[in-house]
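# Tertiary structure, described
Residues per chain, in single letters:
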Amino acid sequence: MFENNEITRRKFLLATVLTPVVAPTLMSAMASASTNISSSGKRPNFLFILPDQHRYDWLSGNDQLPVNTPHLDSLVARGMRFNKAFVASPVCGPSRACLASGQEFDHCGVGDNFTVYPTSQTTYYKKLSEAGYYVGACGKLDLSKPAFDNGLDGRNHMSEWGFSDMVNCGGKGDAVFQWDKFKTPFEPYMVYMVKRGVADVHAKDIASRGGGHAKGPEAYSKTWPTLISDEDYEDNWIGRTGLEMMRAFPEKQPWHMVVNFAGPHDPEDITASMEKTVRGRKFPSPIDSTQLTPEEHEAIRQNYTAMVENIDRWLGIYLDELQKRGELDNTIIVFSSDHGEMLGDHDRWGKNVPYEASVGVPLVVAGPGVQVGHSDALVSLIDISATFLDYAGAEHMEGMTARSFRPLLEGKTHVHREYVLSGLSNWRMVRDPRYKLIEGFDPSQQKKYGSVEKGAERPIVLFDLQSDPHEMHNVATSNPEIVERMKKLLPERNANPDYGFPTPEAIKAYGRG
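Let us look at the structure shown here.

Scanning all chains against the criterion turns up 37 salt bridges. A salt bridge links Arg96 to Asp142, with the shortest nitrogen-to-oxygen separation between them at 3.9 Å. Placement of Arg96 in helix H3 (residues 92–101) and of Asp142 in the loop between strand E3 (134–139) and helix H5 (158–161) is noted, with a sequence separation of 46 residues between them. With its nearest N and O atoms 3.2 Å apart, the salt bridge here joins Arg493 to Glu439. A residue pair is termed long-range when its members are at least 10 positions apart, and Arg493 in the loop between helix H17 (480–487) and helix H18 (504–510) and Glu439 in strand E11 (residues 435–439) qualify at 54 residues. Where salt bridges share partners, they join Asp52, Arg96, Lys140, Asp142, Lys145, Asp174 and Asp338 into one cluster.

Scanning the entire structure with this criterion turns up 21 aromatic pairs. Ring plane angle 40 degrees and centroid distance 6.4 Å describe the contact between Tyr192 and Trp237, whose orientation is recorded as tilted. Taken together, the positions of Tyr192 in helix H8 (residues 188–196) and Trp237 in helix H11 (residues 234–247) put the pair 45 residues apart, joining distant regions of the chain. What makes Tyr192 buried here is its relative accessible area of 15%. Ring geometry for Phe249 against Trp255: centres 5.5 Å apart, planes inclined by 55 degrees, an arrangement best described as tilted. Since its relative accessible area comes to 1%, Trp255 is described here as buried. Every member of this aromatic cluster is reached through a ring pair, and the members are Phe46, Phe48, Tyr124, Tyr125, Tyr133, Phe163 and Phe388. Here the basic side chain of Arg406 rests over the ring of Tyr391, its NZ or CZ set 4.4 Å away from the ring centre.

Mapped onto the elements of the fold, Ser101 is located in helix H3. Judged by relative accessible area, which is 1%, Ser101 ranks as buried. Those residues within four positions of Ser101 in sequence are excluded, and the remaining contacts are Cys108, Tyr117, Gln121, Thr122, Met397 and Met400.

Below, the discussion takes up the pairing of strand E7 (residues 360–366). For a regular strand, side chains alternate in direction, first toward one face of the sheet and then toward the other. Counting buried positions along E7 yields seven of seven residues, so the element is predominantly enclosed. Of the two faces of E7, both are covered, the one formed by Gly360, Pro362, Val364 and Ala366 as well as the one formed by Val361, Leu363 and Val365. Note that strand E2 (residues 79–86) and E7 share six bridges and pair antiparallel. Looking at E7, one finds that Phe86 is bridged to Gly360. As defined by bridge partners, strand E6 (residues 331–335) adjoins E7 across three bridges and the pair is classed as antiparallel. Looking at the pairing, Phe335 lines up with Val364 of E7.

Turning to the packing of helix H2 (residues 70–77) against helix H13 (residues 294–325), a few remarks are in order. Their axes nearest at 7 Å, the elements H2 and H13 cross at an angle of 55 degrees. It follows from the interaxial angle that H2 and H13 lie oblique. In this structure, H2 uses Pro70, His71, Leu72, Ser74 and Leu75 to contact H13, whose residues at the interface are Asp312, Arg313, Leu315, Gly316 and Leu319.

Moving on, we get to H8. Among the residues making up H8, those that are buried are Pro188, Tyr189, Met190, Val191, Tyr192 and Met193. On the buried face of H8, the contacting elements are strand E4 (165–168), helix H6 (172–175), helix H7 (179–182), helix H9 (199–208) and H11. You can read the cap of H8 off the contacts: a side-chain oxygen lies 3.2 Å from the backbone nitrogen of Tyr189, and it is on Glu187. Within two residues after H8, Gly197 carries a phi angle of roughly 80 degrees, on the positive side.

What counts, and where the lines are drawn
- Residues numbered from 1 in each chain as written.
- Predicted model: local features only at pLDDT ≥ 70, side-chain atom pairs only at ≥ 80, totals over all residues.
- Heavy atoms only, no water.
- Salt bridge = Lys/Arg side-chain N within 4 Å of Asp/Glu carboxyl O.
- Helix = DSSP H or I, 4+ residues; strand = E, 2+ residues; numbered from the N terminus.
- Phe/Tyr/Trp six-rings, centres within 6.5 Å; stacked < 30°, edge-to-face > 60°.
- Buried < 20%, exposed > 50% of the residue type's maximum accessible area, 1.4 Å probe, protein only.
- Lys NZ or Arg CZ within 6 Å of the ring centre and 35° of its normal.
- Contact = heavy atoms within 4.5 Å.
- Pairing = 2+ DSSP bridges.
- Axes fitted to C-alpha atoms, helices over the stretch in contact; angles between N-to-C directions.
- Parallel < 35°, antiparallel > 145°, perpendicular 65-115°, else oblique.
- Polar contact = N/O pair within 3.5 Å; in protein donor to acceptor, adjacent residues only side chain to side chain.

Following this line, the structure appears as structure tokens:
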């Protein structure tokens, strides 16, 4: 639901209201930070690179995929790569709310993409600020996704969410939402595009590809290059904006910076120069797919790869910046994503489902004291918040269930969680090292991403990921003991029976199904 956030032209125009910068104050938490000081004598900085819709396996090192991510490789070479990282909810708004609050899906306050982050609920960003950190953010934050009230400078809600500086832009589809109707930017990226004289060209291109709303194979198969330049491409604008912000950070104060890239989210828009880097590469076809031709799937995967590799290029630029600033050895660097991307597996596109390609994300961490290697420990994206607060010596949020995986990073343990949770709409998932149980999901149902209707009987699906890594066979009926054991681990659902089910009016207003 919108929580009184109606989308009107008045709302667009009111989005110009600026939020003043509130300088963070040093709190008593600094006194507890003595055990969190690196060998340089300072508390570590945090650089968090968070693309949108980057699936877990789309990196270098996968023999099945010709993907080149050399800068991520450099992080892995001096840090830890997690092979089993998952999100608490595989869709933008809820996933980022879970991360910000450090809570699981049913308690993060954002059950769908049509609800704004509750003003009464604090964030880990604010806790870092209270602990004396300068807290920056740029890109697609999605904490007020349905309100379209970013502000023309992207700084609305800045102090409310706990940021010292922030430029919050819309994603690919959101930034151009109803552009033909209003011709009015409500966020900073399209302000920039208007100044460049290419706003109409860009909006028309995104709309021609389905508007970034995961509308299926027809939209994904529109893989021609965009007419805009590399300079005007949204991820490149986000990358530059983040660098400019970092360069203005105050000296002698620890900082946090999260860069929220808009890619590799659909649509499959890439520039002409990006296209040249990927055409001709051979990719395997999707798992259990009956849609499109092999050539169309290959082009889609080429475009997706180009977006991933462009973000990796920006990671390299940020690493160079840290080196120039003399801060590389005192910065915890984290690369992950808010959720994955099905890319045609099981005839599904985008996210929203409990398959590994949707709920699984990459997670690489490097920095002072981080051991080198790969980890098979189960980790949730929400745990990043607890880990940052741990290193900062900051207070945790009330109700927070995220767990710091600092002991993993420092080689003090090899185990983190016995199981991870995820949920959306009417399905809930629990996954342990071998099995995945899902309640309320029908693999045969494409409508509403396989989630059964509210009030309907919730079927049980069990996948044995050891013998069936592609999640092809429901083995629930033949494993009743495992089903009963794992059902007890499912999360307690939100007490509101409407939680996670946006109203038809909200869906119609927002333009997403």
